[in-house]
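One letter stands for each residue in the lines below.
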Amino acid sequence: MNSIQPIARIRGGVHEQQPHESGHKHVSGSAEYIDDMPEPADTLHAYLGLSQRAHAEIVSIDFEGVRACAGVIGILTVDDIPGHNDVSPAGKHDDPVFAVGKVEFHGQPMFAVVAETRQIARQAASKVKVEYRDLDHAIDVLEAEKAGYPLVIDPLKLERGDIAGGLANAANRLSGEMRIGGQDHFYLEGHIAFAMPGEDDEVTVYSSTQHPSETQHMVGHVLGVPSNAVTVNVRRMGGGFGGKETQANLFAAVAAVAAKKYKRAVKIRPDRDDDMVATGKRHDFHVAYELGFDNAGRIEAVDATFSARCGFSADLSGPVTDRALFHADNCYFYPNVRLRSRPLKTNTVSNTAFRGFGGPQGMVGGERMIEDIAYALGKDPLDIRKANFYGDTDRNVTPYHQTVEDNIIPQIVAELEASSDYAARREAILAFNRENRILKRGIALTPVKFGISFTKTEYNQAGALVHVYTDGSIHLNHGGTEMGQGLYTKVAQVVADEFQVDLDRIKVTATTTAKVPNTSATAASSGSDLNGMAAANAAQQIKARLADFAAEHYAVPKSEVFFEPNTVRIGNRLVPFAEFIRTAYGARVQLSAAGFYKTPKIHWNRAEGRGRPFYYFAYGASVSEVSIDTLTGEYQVDRTDILHDVGKSLNPALDLGQVEGAFVQGMGWLTTEELWWDAKGRLRTHAPSTYKIPLASDRPRQFNVKLASWSVNREETIRRSKAVGEPPFMLAISVLEAISMAVASVAEYRIAPRLDAPATPERVLMAVERLRAARNGK
Amino acid sequence: MDIQIRNSIRFLLNDKAVELTNVAATQTLLDFLRLDRRLRGTKEGCAEGDCGACTVLVGRLNHGQLTYESVNACIRFVGSLDACHVVTVEALAAADGSLHPVQQAMVDTHASQCGFCTPGFVMSLYGLWMHNPSPAVRDIEKALQGNLCRCTGYAAIIRAAESVSACNAGNDPLVAERARVIEQLQALKDGRRVDIGEGKQRHVLPANVDDFADFMEANPSATIVAGSTDVGLWVTKFMREIGPVVFTSHLDGLRQITADNDGLTLGAGVSYTDAYPVISEHFPQLSELWNRIGGEQVRNMGTIGGNVANGSPIGDTPPALIALGAHVLLRKGQNRRSVPMEQYFIAYGKQDRMAGEFVEAIHIPRLKQGEQFAVYKISKRLDEDISSVCGAFKVVLDTAGKVQAAAIAFGGMAGTPKRAATVEETLIGSSWNDETIERAMSVFAKDFTPLTDWRASADYRLLTAKNLLRRFYLDSTGEGNVRLNRYEAAVG
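Rules used throughout
Residues numbered from 1 in each chain as written. Chains lettered and ligands numbered in written order. Predicted model: local features only at pLDDT ≥ 70, side-chain atom pairs only at ≥ 80, totals over all residues. Heavy atoms only, no water. Helix = DSSP H or I, 4+ residues; strand = E, 2+ residues; numbered from the N terminus. Rg over C-alpha atoms; globule rule 2.2 N^0.38 Å. Buried < 20%, exposed > 50% of the residue type's maximum accessible area, 1.4 Å probe, protein only. Contact = heavy atoms within 4.5 Å. Areas by Shrake-Rupley, 256 points an atom, 1.4 Å probe, with all protein chains shown as cover. Lys, Arg positive; Asp, Glu negative; His and termini not counted. Charge placed at Lys NZ, Arg CZ, Asp CG, Glu CD. Domains from an automatic or database assignment. Buried area = accessible area lost by both parts, 1.4 Å probe. Salt bridge = Lys/Arg side-chain N within 4 Å of Asp/Glu carboxyl O. Polar contact = N/O pair within 3.5 Å; in protein donor to acceptor, adjacent residues only side chain to side chain. UniProt positions renumbered as here; feature names shortened; annotations may be inferred. Axes fitted to C-alpha atoms, helices over the stretch in contact; angles between N-to-C directions. Parallel < 35°, antiparallel > 145°, perpendicular 65-115°, else oblique. Left-handed = near helix turned anticlockwise from the far one by under 90°. Nonpolar A, V, L, I, M, F, W, Y, C, P; charged D, E, K, R; others polar. Pairing = 2+ DSSP bridges. Phe/Tyr/Trp six-rings, centres within 6.5 Å; stacked < 30°, edge-to-face > 60°. Lys NZ or Arg CZ within 6 Å of the ring centre and 35° of its normal.

Caption draft 1: Summary view of the overall build of chain B. Across its full length, chain B carries 19 helices and 21 strands. Relative to the globule expectation of 23 Å for 492 residues, the C-alpha radius of gyration of chain B, 23 Å, shows essentially globular dimensions. Viewed in the frame of its principal axes, chain B has a C-alpha envelope of about 70 × 60 × 40 Å. Within the span of chain B, comprising 492 residues, buried residues form 61% of the whole. Expressed as a percentage of contacts within chain B between residues at least 6 apart in sequence, the contacts between residues at least 24 apart total 64%. Surface summary for chain B: the accessible area is close to 17,700 Å², and the carbon and sulfur share equals 49%. Taken as two groups, the 50 positive and 56 negative side-chain charges of chain B have centres that lie 3 Å from each other.

This is the structure in C-alpha cells:
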C-alpha cells in the first residue's frame, strides 16, 4: 500500500450532519415551487367543478352561468378527453377524471373550467347548475358493510397455526373492537400542475407528484398518447406524505388535456378546501379481534379483521390494507394467527397512501390488543409487550411467514426504559393519580417494528444518472422526488462519498421522466435506500472507467488508483480531481453513467399470504407522559422520549428531523385531527380552521429524541443505513396509550379504556364517563 | 365637514413606495404580492388565515411609534394598507445574499424540511425577535400559534428561535432604516378620505371617525372591514361580493383605550394585541383566553369590536364580556346609544344594530370587590382553534358564604352567546358548596340545547358546560391540580 496519507476529509460525505440542500432557499423564499415559476405569456388557469352530492345520478348539467363569466375560455368535460377518462393507479378503470352519469362522493370532480385567471375559473365553476337524482349513500365502514357495499379490491388473509385451537385452549380469552380515524395529509403546498403543450403529441407537465413516472403514464393514458410524448418534472414538493403518490395524477391530466386543447400553457391549483374534499386521505379502520392469552399475558392466538373505509374506488387500498395486516403484529409473536382485511367501498373520496401506508392502523390495532390484555390482568402494559416480543431463534416467524432476522427491539426498549426512568416515573404517576381527583396522568412505552420494501416487489428498483463535467463538477439526477425529507441531500452525500469530492461539487437537478425512466413512487420510506444505491452504482461505473484509464495512462497497477479527498492518488502521484477529469476527458473516457439498483432477497405471494415482503425492519420506541383533565377531556403531552433506529445514519441531522416530525404528525393523527362527515356525506373538517393538525404548542413539552447510534443495518443497504420516513410515525402510539392509562385511572386500571382514535378531548371525556359509570355499576 | 379626498392607496412595500389607483376592494395582499409584484416567497397555504404560510410584517405608526406586526397576507385587503410598511421575506437577506440571523438560525438548526411554510415561520420569528430578542419557549410558542408546519414537528424551529436570541440587531434593515420609514409613513398620512372605485367596487378609508359615521349613514349597505379576519374569508372562501367596503383599521379614533374608575373602554378598532396589556392588567382572568384567540397574526389584525359586531355564537370574547356586564356603544351619525352586550345578540345572525349604525366601542366595567370571575375556553386543539364551548362565570358571595349574584354566559351552546339564567337562579341565595354546584349542574339542560357539529357533540357540550361550573367552583376553593398548565408541571 502507498504511504501517502489522505490530506483531509471531504466536506459533506455520508454519516455527516449536513443542512438540507435547499435550506438557505427555503428561508429566503427563493426555493421555487410550481406556483412560483414564471408563467409564459397567455397562461390559462383551470379549476375543477365538484359534486355537491355524496351519491347521485347526474340528470343534467347546465353550464350557461359558467360560460357567461367574462374571461372564461372553455369548459372541459369527458368529451374533451382524447384518451381514457381514467386515472386508476390500480389499473381497475374505476377512477374517472370527470364523473360521468353519476357521482360517488361529495367533492368528486365533474368538469373543469378554463379561464384567463384562476380567480375567474374558480368563480365560474361555482356558477354551474347540476340536477341530481339522489341515491342512498354509505359513508362509514360499518354502514357500508350493512348496506352490502362491495370490496374495492380482493382482500388479504394472513394465517398461521391453529387459530381455533389456540383460542379454545388459552387460559384467557377476550374480544374487542376499535375505530381508528383517517387523516388528511395537510401538506402545506396543495396539489398543483402546470402543463406546456409541445409539438405533435408532446406535452411537458410540472406536477407536485411523488410518482413522476406514474403521472407520466396517466397523462399519456388520458391524452391517448404514448409515454414518450409526456415529460413530467418535479423539483420539489411542499410536502407529500403519500398524498401526492397517486392524487396528483388527476390534476396533471386535466392541465395536460387543457394545454393540448387550447395550445396554451395551463395551470391548475385547487383551493385548500377543494384539495381536502376532492383528494384521498389515510384510511379509517374498524378493527374487530378475538384473543387468547395465558396468565402471564402471553398471546396464544389472534383472530382479527381490519375493515377499511376505502372510498369510491380502489386506488391504493389493496396494498394499504395489506400493510395494515403486515403490521398488526408490531413486535409481537402470534403463535396462532389469522388476520383478514376488508377493503370496503364507501361514498367518500377514495382513500390513498399516507405515511405508514396502513401500517399505523394495523399497529394501533395490535397495541390495543396488548393494552386489553394488560387491563384484563391488571398489569403494566409494558410487561405484556416484553412478554410477547419476537425471539431471536424461536418465536420469530411473522403471520406472513417471514422470519424476523434483525430483531433489536429488546435492546431498544431496555435502553429507553432506563434512559427515560420509566419505572420510577410510572410509580410517581400512580401516586399522583391516587391523590388528585381532577387531573390524571398516564405514561406508556410503545415499540415499533416496521417492514421496509414496497410489498409490490417490482417497485423495488431505481435508476440514477450521473455526469461528471470536464471542470470536475458533477450532475446528479435520480428517480426519487424531494418533498422535504432531504433525499436530494442524502443521495448527493453518497455520490460525494463515492467520488471523494466535497458535497458542493455535486448538483442534484429536478426529477424528470426524461432523465431517469420507469421510476417508482418516492414512497414506502424507500427513497434513499433505492436511489442512493442507484446513484452509487452510476458513480462506481464512472470510477471503474476512470481507474482503468488512470492505470493505463500513468502505467500503474489498477490496485494503486485511489479516490481520495478531492484528489486521485495514482501510484505516488496525487492529481487534483478536476485536473484528473480533464485529462480523462482528453483521453475520451465516458464520464456519464446510468446507475441501477434492485432490492435483493425479497419475494411475496399474495394469494398464499407467504413470502419475504420486507428486506429488513426498522425499529424504535417511545415513552410518552400525558396529563388529562377529567372535567373536560383536555390533555397535554408533558414529555416524550424516543430512541429510534435508522441503522448507520446517512445524515443524522436530517434523520432526527424525520423522527421528530413523524412523531408529531402521528400524534396529530391520534389526538386532534378528526375527519367529520355530516349526514349528507359532506366532509366538514376540510380546512385548517376546522381540521386541527398539531401546533408548536402541542409538541411534547419535553421532547428528548435520540437515534440509536449503535445500530447498523444487518443487510447491505446504502452505507448500512435504514429507511426513516415512515417508521417513526408510529412512535406516536405511546401518546394514545398514555392517555388511555390516565383514563383508566378513574376505574383503578381494571377496565380497558378502549379509547378510539383520534382521542379528541370529547372522546377522552366520554371514555372517562364510561369508565366511571362502569366502576360505579360494579 | 371639509374632507379632502384622495383616489389612491399609498404604502411602502419593502424598499419601494407603492401607489395604487385602480385596485379592487377585495384585492388581497397575498395575490397582490404574488401575482402583481411577483414576490413569490410569500406562500398560499390555506387562504383563510390559519396556516401562516403567507405571513408578512406590516408596520404602522401607532401614536407616532412605528410598530411591525405579523399578519396573514391571504386575508388582508390591500385597501387596509394605506400608510403602512409591508415587509416580505424577500427583504430580509442582505444585498450580498447573506442571510438574516433569523434565517441563518433556521438553516443551522435544520428547521426547514419541505420549506413551504418556512418563509411564514421566518417572518413570525422575525416579528417576535423585533419585540422580544430573548424570548422564553412560551413566548416562542405563542408567536407561532398561527404557523402550521407539517414536516418538522416544530422542535427544530423552536431551537432556531432560541438560538437567534443570541444575535443582536446588527445591520437589520428595519432597525437601520427606522427613522427614514417613520418619516415616509408620516408623509403618507395626509388626513384625507381615500375613495376608490364605484358601486360594488367602491372602497373608502374615512378621514376620521366622524367621516366614518357620516359615510355609514349615507351608505348603510357598506361592509365594514376592521381586522378582516372574518370578512377576509367571505371573499377568499365564499367568493362573496362585499362592496362597497369601508376600512376602519387606520382610524386612530377607533383605536383608543381608556381606563378609568368605571372600567375599560376599548375602541371598536382596538386589536387583541393592542388590548392585551391593559386587559391582562385589569382582568388577569382573561389573559389565558386572550392568548388563545386565533394565532398571533389574527390577534394583530382582529378587533374586539369586530368579534362582537359579527355576532358569531362562538366568538371568543362575548361570553366573558357578557358575564362582566359589558356594554356595546353604538353610533349612527351623531347619535350614540349603549346596549348591554347580552341584549345586543338577538338571535343567530341577528344583532341589535340598525342600518348605518356601527359599533364604536366596548365598555367593560371593573370587577367589584368580592366578585369572582373566570372564563374557560374548550377547543379540540388548545391553541388557534374555535371554541366548542366557552364559559364565563362571575359570582359574588355574601358574608354568609351564600351566592348573592351570578352572571354566567356561554358561547357554543346556542345560536348566540347566552346567559345561563336557570343556572344563575339556582345558585343565587344558596351556599357556595358542592351540593349547590351539583344542583346547578343539573339544570343546565333548561338553559341550553346545544347542537352537534364537527367541533363537538351536543352531549359533550352540555356535559362540559356543567363541568366548567364545577371547575369554577374548585378554582374558587383553591383546590390544587385542577387545571392543565403546559408551562408548569403538575405537582406530584
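Caption draft 2: Fine view of the domain arrangement of chain A. Residues and elements named next belong to chain A. Under the domain assignment used here, chain A contains domain 1 (43-136 + 185-278), domain 2 (285-455 + 605-776) and domain 3 (461-598). Between domain 2 and domain 3, the C-alpha centre-to-centre distance is 40 Å. Facing the 20 residues of domain 2 at the interface are 22 residues of domain 3. Carbon and sulfur atoms supply 56% of the area buried between domain 2 and domain 3, which totals about 1,500 Å² over both sides. Contact with domain 3 buries surface across domain 2, with Phe-454, Ile-718 and Arg-719 losing the most and accounting together for 39% of the total. Where domain 2 packs against domain 3, one counts three salt bridges. Across the pair Asp-655 and Lys-490 runs a salt bridge whose closest N-O atoms are separated by 2.6 Å. At the boundary of domain 2 and domain 3, one finds seven residue pairs in polar contact (both at pLDDT 80 or more). Looking at which element gives the most residues to the side of domain 2 that touches domain 3, the answer is helix α17 (residues 652-670), with three residues.

Caption draft 3: Quick peek at the UniProt feature "domain: Aldehyde oxidase/xanthine dehydrogenase a/b hammerhead" (unreviewed entry) in chain A. Mapped onto the present numbering, the UniProt feature "domain: Aldehyde oxidase/xanthine dehydrogenase a/b hammerhead" (unreviewed entry) falls at residues 28-136 of chain A. Each end of residues 28-136 of chain A is marked by a C-alpha atom, and these two atoms are 51 Å apart; helix forms 12% of the span and strand 31%.

Caption draft 4: Layout of the pattern of salt bridges. All names here are of chain B. Under the criterion given, the structure shown has 97 salt bridges over all chains. Here Arg-336 makes a salt bridge to Glu-360, at a shortest N to O gap of 2.8 Å. Residue Arg-336 is located in strand β14 (residues 335-340), and its partner Glu-360 is located in strand β17 (residues 358-365); the two are separated by 24 residues in the primary sequence. A salt bridge links Arg-470 to Glu-438; its shortest N-O distance comes to 2.2 Å. In this pair, Arg-470 is assigned in helix α19 (residues 458-477) and Glu-438 in helix α17 (residues 434-441), connecting sequence segments 32 residues apart.

Caption draft 5: Structural view of the packing of helix α14 (residues 487-499) of chain A against helix α15 (residues 527-553) of chain A. Residues and elements named next belong to chain A. Where α14 meets α15, the axes come as close as 9 Å, and the angle between the chain directions of the two elements is 30°. As judged from the angle between their axes, α14 and α15 are roughly parallel. Viewed along their axes, α14 and α15 form a crossing whose handedness is right-handed. Where α14 abuts α15, its residues Leu-487, Lys-490, Val-491, Val-494, Val-495, Glu-498 and Phe-499 lie against Gly-527, Ser-528, Asn-531, Gly-532, Ala-535, Ala-536, Ala-539, Gln-540, Ile-542 and Lys-543. For the contact of α14 with α15, a count of residues per class yields nine nonpolar, five polar and three charged.

Caption draft 6: Local environment of the pairing of strand β19 (residues 389-397) of chain B. Residue and element names in this part refer to chain B. Along β19, eight of the nine residues are buried, which leaves the element largely enclosed by surrounding structure. In this sheet, β19 lies alongside strand β18 (residues 371-378) in antiparallel orientation, the contact comprising eight bridges. Counterpart to Phe-373 in the pairing with β19 is Lys-394. Sheet topology note: the β19/strand β20 (residues 403-411) ladder contains eight bridges and is antiparallel. Its bridge partner being in β20, Ala-392 is matched across the sheet by Ala-409. With antiparallel pairing between neighbouring strands as the criterion, β19 and β20 make up a hairpin whose turn holds five residues, including Gly-401 at a positive phi of roughly 80°.

Caption draft 7: Spotlight on the packing of aromatic side chains. Applying the stated criterion across every chain yields a total of 37 aromatic pairs over all chains. Relative to A:Phe306, the ring of A:Phe285 has its centre 6.4 Å away and its plane inclined at 70°; by these criteria the two rings are edge-to-face. Taken together, the residues span a long stretch of sequence, with A:Phe285 in strand β13 (residues 285-293) and A:Phe306 in strand β14 (residues 299-311) at a distance of 21 residues. Its relative accessible area of 2% is what places A:Phe285 among the buried residues. Members of the aromatic cluster, each reached through a chain of ring pairs, are B:Tyr376, B:Phe393, B:Phe410, B:Trp432, B:Phe444, B:Phe448, B:Phe472 and B:Tyr473. The cationic tip of A:Arg282 hangs over the ring face of A:Phe354; the distance from NZ or CZ to the ring centre is 4.3 Å. Cation over ring: A:Arg309 sits above A:Trp677, and NZ or CZ is 4.0 Å from the ring centre.

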